[in-house]
Amino acid sequence: MLTHKRKTIHPPGLTELPPLPMDAASLTSDFRRYFTYNLGQDKYCRTTYFYYKALALTVRDRLMERWTRTRYAHLESNCKRGYYLSLEFLMGRSLGNALLNLGINDDATEALHGLGIKLEDLSDVEQDAGLGNGGLGRLAACFLDSCATLQLPVMGYGIRYEYGMFRQRIVDGRQVEEPDHWLRDGNPWEQERPEYTQRIRFGGHSEQYRSDSGEIRVRWVASRDVLAVPYDIPIPGYRNGTVNTLRLWKAAATDAFDLGEFNAGDYAESVATKNEAENITMVLYPNDASENGKVLRLRQQYFLASATLQDVVNRWVVVRKGDFKDFAASNCFQLNDTHPSCAVPELMRILMDHQGMGWDQAWEITRQTMAYTNHTLLPEALEKWPLPLFGHLLPRILEIVLEINARFLSEVSSHWPGDNQRMQRMSIIEEGAVPQVRMAYLAIVGSFSINGVAALHSQLLAEGLFKDFYELWPHKFNNKTNGVTPRRWIVRCNPGLSGLVTEKIGDGWISDLQQIKQIATCADDPGFRQRWYDIKQANKERLSALVQTQCGVTFPAAGLFDVQVKRIHEYKRQLLNILHVIHLYDRIKRGDTEGWTNRCVLIGGKAAPGYAMAKLIIKLVNNVARVVNSDPLVGDKLKVAFLPNYSVTAMEVICPGSDLSEQLSTAGKEASGTGNMKFMMNGALTIGTLDGANIEIREEVGEENFFMFGLTAAEVDEMRWQYDPHGIISRDADLQRVMNLLRCGHFNLFDAGLFDPIINAICSPHDPWMVAADFRSFIEAQKRVAAAYQDRDQWTRMSIINTACSGKFSTDRTINDYNQEIWRLQAMPIKVA
Ligand code: 26Q
């Protein structure tokens, strides 16, 4: 293992190299060199993997020189820096993104063409970096792209999971999980940096001692330590010379540990210990709601927080010689949900126990540098850890949390003297048979900024979930509406549309998406509409081919492509979608098909492996699909498919080929949604509830270009007390027929009772998602959709307006808001050689 204790030398001959040329000829010659000398391949090469690898290494060199220059610029300017701490970064593929952002896509295409190779064939070899569950992880990836594009000195910090999000196969209509060993063939985009290895403590206990200078200090002893080894991934900005860093930590056993056990003579025990250490970064937890009480997950969270803060503080100590006066003014940590919120007590620990600071000074610094983003309104999804488990694994950290809480509660009690109930409500420690550490409250107390991810969500946080805290510190609360990066989600995934837009308004929109507004005027130009329509049809053909190979279902491109892809969750109401499908099927069977609009319904998404109801919903979709698709009476009127293994790369084909984006969450439950934005940018129309960012999407496109339905968040809360699904069903003949088809086992002929849990959930007056309540409104909205689709010109016009009004939903806008209102970083221009 490399350590910084080795002697450093500065050979004067090691000056900077001249910049690498970016033209096709030089790409070709580097490609050949890598292919032949580095990979040892020749004319008998049997797999495209090596061609991909040779191109990746060629591109990587060009990233590397900009990366170094960016590092120098940040170091030498002593600029303030931001750090995005996240347990998830759902990066997807890197090759295409690097080519685009470096501006060498055409040269690379030409270079390969000269060798008789097609670029797409190579791109398809790359595995997704699937280090995330869904929205929160993909948001982190889009944020990094925008930070680099805005030239902000921001580093991402995360975990290098050996196994990412599981691969989903569908066997007999059911989800089967398979491990995602994405690193098997190596990863050309990472650079190991063993010289920045950190030591992380677990277990043991804390004790007081007297320092050399005579002060009472605390130290964490008898711990079982694990090493954190960083792997850096380059994050190029859009054609601006900036390459930022995503630093992912991998766990490794310490040498000393092994030796200790080994000398004790227990070889097997020593190897087992090594495994225990390295297990920490083995696998991503595939739940997108907190899975409470799993020790390994808490180990992951502290591992990330500790490695990251030690890394930042060490760098500070080296560069600023241990003077912490400017630390708070020069550093800002954005916590992606509560998952990395051990960062709060960990920074306290490092400042006090390692840097010798007193509590007050350490606390001043901590609460001026931490900022927390919340991504959920579901109270049951708020992270909690059993206090005994927390204390056993992280004794020194628990001690600090308890001290933070004691001081915080005394602040509460001086603000609201005698209000003991409020003290109990607000305490970081929840009382009970087994007391729990409330991670959200820890994050709130330790941060100067707390934000939600869409306007409604932020409002509901202040009025509901975090009301007490909002009353105490209203100034800390703010909104940052999510976005997505237009580089991946328009330019890369929809070259046809990008070409047309650029032809009309130039390419300024790629890094300033508000400019795309200008294409709105083209909506009245029949020639433009025709081209828009043709591009959409071509993208539908591409999606149709994917559905054909993945599901064996034929989607004729003349039909309305109606798509819902996202994690499978009751609150997202894939069920409502299926009820509509069953209703359409029932209409066809009854011959109620006058003025019919053909539809192809696509549903995709993963269920958490332990979420039985979500898995049953997948089974239902698949069973309904089989019945519908094999009924000759149905024909092209209705097609249904469940797409297995939904991923970032799949979405790159799905969103350009969709006509209708389904955003059906129970109002007040989806914090924001980001898939909704990807669909909108690619000219899909939305059918959606007034929830999360849907509200802002509708505001931007205008109500006439959005199919709204359902109860509002306030109406949902109001209706809950008198919710009567039986009454609703009995008064709605369509819903009654749908429920009868379900009840009579039409979709589970050989498996009686299979879907009873679903039927019971819909019929329960306690159904938290109130599926039946929004059925009628949803069906009516779908009728308006079907009618609108019949007027091709009008639909195309609406499609153009949707894309034209998507400017707000670029993460460039989101990140600019974070920077203006939270981080306050200076953009750092990098000289483009
Ligand atoms: C926590 C503890 C233990 C195990 C797992 C977890 C865990 C992991 C992932 C909890 C939650 C998540 C992911 C949440 C998520 O993706 N939320 C989504 O975030 C998006 C970006 O802000 C929003 O658009 C979505 O509305 C929100 O659901």
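Further up the page is the structure itself.
Predicted model only: the values in this text are computed from it and were never measured. Sequence order as written defines the numbering, with residues in each chain counted from 1. Local features in this predicted model are restricted to residues of pLDDT 70 or higher, and side-chain atom pairs are both shown and tallied only at a pLDDT of 80 or more, whereas totals for entire chains, interfaces and linings draw on every residue. For the side-chain quantities, the full set of heavy atoms in the structure was used; hydrogens and water were omitted.

### Here we look at the overall build of the protein chain
Okay, so step 1: From N to C terminus, the protein chain includes 33 helices and 25 strands.
Okay, so step 2: The C-alpha atoms of the protein chain give 28 Å as radius of gyration, which agrees with the globular expectation for 833 residues (28 Å, within 12%).
Okay, so step 3: Each principal axis of the C-alpha distribution contributes one length, and for the protein chain these read about 90 × 75 × 55 Å.
Okay, so step 4: Burial classes follow relative accessibility: with a 1.4 Å probe on protein chains only, a residue under 20% of its type's maximum area counts as buried, one over 50% as exposed, and anything between as partly exposed. For the protein chain, the residues scored as buried account for 61% of the 833 residues in total.
Okay, so step 5: Residues count as neighbours in contact if any of their non-hydrogen atoms are within 4.5 Å of one another. Residue pairs in contact within the protein chain that sit at least 24 positions apart in sequence constitute 78% of those at least 6 positions apart.
Okay, so step 6: By element, 51% of the accessible surface of the protein chain is carried by carbon and sulfur atoms, the whole surface being about 32600 Å².
Okay, so step 7: This count recognises Lys and Arg as positive and Asp and Glu as negative, with His and chain-terminal groups excluded. Where a charge sits is defined by one atom per residue type, namely NZ (Lys), CZ (Arg), CG (Asp) or CD (Glu). Here the protein chain contributes 92 positively and 99 negatively charged side chains, and the mean placements of these two sets differ by 2 Å. Segments assigned H or I by DSSP are reported as helices when at least four residues long, segments assigned E as strands when at least two residues long, and all are numbered from the N terminus. Our radius of gyration looks at C-alpha atoms and nothing else; its globule reference is 2.2 Å times the residue count to the power 0.38. Residue-level accessible areas treat just the shown protein chains as cover; the underlying method is Shrake-Rupley with a 1.4 Å probe.

### Some points on the site of the ligand
Okay, so step 1: We call a residue near a molecule or strand when any one of its heavy atoms sits within 4 Å of it. Every one of the 22 residues lining the ligand counts as a neighbour, but Leu-136, His-375, Asn-482, Glu-670 and Gly-673 are closest to it.
Okay, so step 2: At a separation of 3.3 Å, an oxygen atom of the ligand approaches a polar side-chain atom of Tyr-571.
Okay, so step 3: Against a free-state accessible area of 610 Å², the protein chains account for coverage of 94% of the ligand.
Okay, so step 4: Here the shell around the ligand gets three residues from one element, more than from any other, and that element is helix H6 (residues 135-149).
Okay, so step 5: Gly is put with the polar residues, along with every residue not named as nonpolar or charged; the nonpolar set is Ala, Val, Leu, Ile, Met, Phe, Trp, Tyr, Cys and Pro, and the charged set is Asp, Glu, Lys and Arg. Among the residues forming the shell around the ligand, the class breakdown is six nonpolar, ten polar and six charged. Counting of polar contacts relies on pairs of N or O atoms within 3.5 Å, with two restrictions inside protein: one atom must be capable of donating a hydrogen and the other of accepting it, and residues adjacent in sequence are counted only when both atoms are side-chain atoms.

### A look at the pattern of salt bridges
Okay, so step 1: A pair is scored as a salt bridge if a Lys or Arg side-chain nitrogen falls within 4 Å of a carboxyl oxygen belonging to Asp or Glu. Under the definition given, this model contains 60 salt bridges.
Okay, so step 2: With a closest N to O distance of 3.3 Å, Arg-193 and Asp-232 form a salt bridge. Pair noted here: Arg-193 is in the loop between strand S7 (191-192) and strand S8 (198-202) and Asp-232 is in strand S11 (residues 224-236), with a separation of 39 residues, a long-range link.
Okay, so step 3: The exposure class assigned to Asp-232 is buried, which follows from its relative accessible area of 3%.
Okay, so step 4: Among the charged side chains, a salt-bridge network with shared partners connects Asp-586, Arg-590, Asp-732, Asp-734, Arg-737, Arg-776, Glu-780 and Lys-783.

### Brief notes about the pairing of strand S6 (residues 174-178)
Okay, so step 1: For two strands to be treated as a pair, DSSP must find no fewer than two bridges joining them. Inspection of the sheet shows strand S5 (residues 167-171) paired to S6 by five bridges, in the antiparallel sense. Looking across to S6, one finds that Ile-170 is bridged to Gln-175.
Okay, so step 2: The antiparallel hairpin formed by S5 and S6 contains two residues in its connecting segment, where Asp-172 sits at a positive phi of about 55°.

### What to know about the environment of Thr-245
Okay, so step 1: Considering the arrangement of structural elements, one finds Thr-245 in strand S12 (residues 243-253).
Okay, so step 2: Overall, the relative accessible area of 11% leaves Thr-245 in the buried class.
Okay, so step 3: Residues Thr-245 and Ile-235 lie ten residues apart in sequence; the distance between their C-alpha atoms is 5.6 Å.
Okay, so step 4: In contact with Thr-245, not counting residues within four places along its chain, are Trp-67, Val-154, Met-155, Gly-156, Asp-232, Ile-233 and Ile-235.

### Considerations on the environment of Leu-602
Okay, so step 1: Within the element layout of this structure, Leu-602 appears in strand S21 (residues 599-604).
Okay, so step 2: Not counting residues within four places of it along the chain, the set of residues in contact with Leu-602 comprises Leu-543, Val-547, Phe-555, Asp-562, Val-563, Gln-564, Ala-641 and Leu-643.

### Some remarks on a nonpolar patch on the surface
Okay, so step 1: Every patch collects residues that have over 30% relative accessible area and no salt bridge, joining them within 9 Å if they carry like charges and within 5 Å if they are nonpolar side chains (Val, Leu, Ile, Met, Phe, Trp, Tyr). Among the surface-exposed residues, Leu-75, Val-318 and Val-319 lie close enough to one another that they form a single nonpolar patch of about 250 Å² accessible area.
Okay, so step 2: When you line up the elements, Leu-75 lands in helix H2 (residues 48-77).
Okay, so step 3: For Leu-75, a relative accessible area of 44% gives the class partly exposed.

### Section: the sheet that holds strand S15 (residues 384-386)
In a beta sheet, neighbouring strands are held together by backbone hydrogen bonds and run either parallel or antiparallel to one another.
Okay, so step 1: The three strands are arranged S15-S17-S16 in an open sheet whose pairing can be described as antiparallel. Either end of the sheet is taken by a strand with one partner, and the two such strands are S15 and strand S16 (429-430).
Okay, so step 2: Two elements, S15 and strand S17 (residues 436-438), share three bridges in a ladder whose sense is antiparallel. Residue pairing in the sheet places Lys-384 in a bridge with Arg-438 of S17.

### Focus on the packing of helix H23 (residues 612-629) against helix H30 (residues 756-763)
Okay, so step 1: Angles shown run from 0 to 180 degrees and are taken between the N-to-C directions of axes, each axis being a line fitted to C-alpha atoms and, for helices, limited to the stretch in contact. With their axes 10 Å apart at the nearest point, H23 and H30 run at an angle of 110° to one another. Viewed along their axes, H23 and H30 adopt a mutual orientation that is roughly perpendicular. For the pair H23 and H30, contact is made by Met-613, Leu-616, Ile-617 and Leu-620 and by Pro-757, Ile-758 and Ala-761, respectively.
Okay, so step 2: Its residues assigned to classes, the contact of H23 with H30 shows seven nonpolar, no polar and no charged. When describing relative orientation, an angle under 35 degrees is termed roughly parallel and one over 145 degrees roughly antiparallel, while 65 to 115 degrees is termed roughly perpendicular and anything else oblique.

### Details of the packing of aromatic side chains
Okay, so step 1: Note on aromatic pairs: the rings of Phe, Tyr and Trp (six-membered ring only in Trp) are paired at centre separations within 6.5 Å, and the planes decide the class, stacked below 30 degrees, edge-to-face beyond 60, tilted for the rest. In total, this model carries 28 aromatic pairs according to the counting rule given.
Okay, so step 2: Taking the centre distance of 5.4 Å and the plane angle of 65° together, the rings of Phe-143 and Tyr-818 count as edge-to-face. In this pair, Phe-143 sits in helix H6 while Tyr-818 sits in helix H33 (residues 811-823), placing the two residues 675 residues apart along the sequence. Tyr-818 matches Phe-143 in its accessibility class, with the two residues each being buried.

### As for the sheet that holds strand S24 (residues 685-688)
Okay, so step 1: Read from one edge of the open sheet, six strands run S22-S21-S20-S23-S24-S25, paired in parallel fashion. The open sheet has two free edges, formed respectively by strand S22 (638-643) and strand S25 (707-708), since each of these has just one partner strand.
Okay, so step 2: By the bridge criterion, six bridges tie strand S20 (residues 560-565) to S21 in an arrangement that is parallel. When the sheet's bridge partners are listed, Val-563 is paired in S21 with Leu-602.
Okay, so step 3: Contacts between helix H21 (residues 526-551) and the sheet are confined to S20, S21 and S22, with S22 contributing the most and set at about 65° to the helix.

### Remarks on the packing of helix H11 (residues 343-354) against helix H14 (residues 395-415)
Okay, so step 1: The geometry of H11 relative to H14 is characterised by a closest axis approach of 9 Å and an angle of 100° between their N-to-C directions. Comparing their axes, H14 and H11 come out roughly perpendicular. Across the interface between the two elements, Val-344, Pro-345, Glu-346, Met-348, Arg-349, Met-352 and Asp-353 from H11 touch Arg-396, Ile-397, Ile-400, Val-401 and Ile-404 from H14.
Okay, so step 2: Across the contact of H11 with H14, the residue classes tally to eight nonpolar, no polar and four charged.

### Digging into the nonpolar core
Okay, so step 1: Ranked by internal contacts, the top residues of the largest apolar core, which has 113 residues, are Phe-303, Phe-390 and Leu-394.
Okay, so step 2: What Leu-394 contacts, discounting residues up to four positions off in sequence, is Arg-201, Phe-202, Trp-220, Leu-298, Tyr-302 and Cys-342.
Okay, so step 3: Grouped together as the second largest cluster of nonpolar side chains are 74 residues, Trp-596, Ala-608, Ile-728 and Phe-755 included. Residues grouped as a nonpolar core are buried Ala, Val, Leu, Ile, Met, Phe, Trp, Tyr and Cys residues, joined through side-chain atoms within 4.5 Å.

### Looking at helix H9 (residues 295-320)
Okay, so step 1: A helix is expected to span 1.5 Å for every residue after the first. A rise of 1.5 Å per residue sets the reference length of H9, with its 26 residues, at 38 Å; its end C-alpha atoms lie 37 Å apart and thus fit the reference within 8%.
Okay, so step 2: In terms of burial, H9 is largely enclosed, as 19 of its 26 residues are buried.

### Here's the deal with the pairing of strand S9 (residues 205-210)
Okay, so step 1: Relative to strand S10 (residues 216-221), S9 is paired through six bridges, and the arrangement is antiparallel. The partner of Glu-207 across the bridge, within S10, is Arg-219.
Okay, so step 2: The turn joining S9 and S10, which pair antiparallel and follow one another in sequence, is formed by five residues; a positive phi near 90° is taken by Gly-214.

### A word on unusual backbone geometry
With glycine set apart, most residues show a phi of negative sign, and most peptide bonds adopt trans.
Okay, so step 1: Non-glycine residue Asn-78 carries a positive phi angle of around 50°.
Okay, so step 2: Tracing the chain through its elements places Asn-78 in the loop between H2 and strand S1 (81-85).
Okay, so step 3: Phi at Lys-321 is positive, roughly 50°, even though this residue is not glycine.

### Quick notes on the side chain of Asn-336
Okay, so step 1: By the secondary structure assignment, Asn-336 is in strand S13 (residues 331-336).
Okay, so step 2: Using a relative accessible area of 0% as the deciding quantity, one classes Asn-336 as buried.
Okay, so step 3: Within polar-contact distance, the side chain of Asn-336 engages the backbone oxygen of Leu-136 at 3.4 Å.
Okay, so step 4: With near-sequence residues (within four places) excluded, Asn-336 lies in contact with Tyr-84, Leu-85, Ser-86, Leu-136, Ala-140, Thr-373 and His-375.

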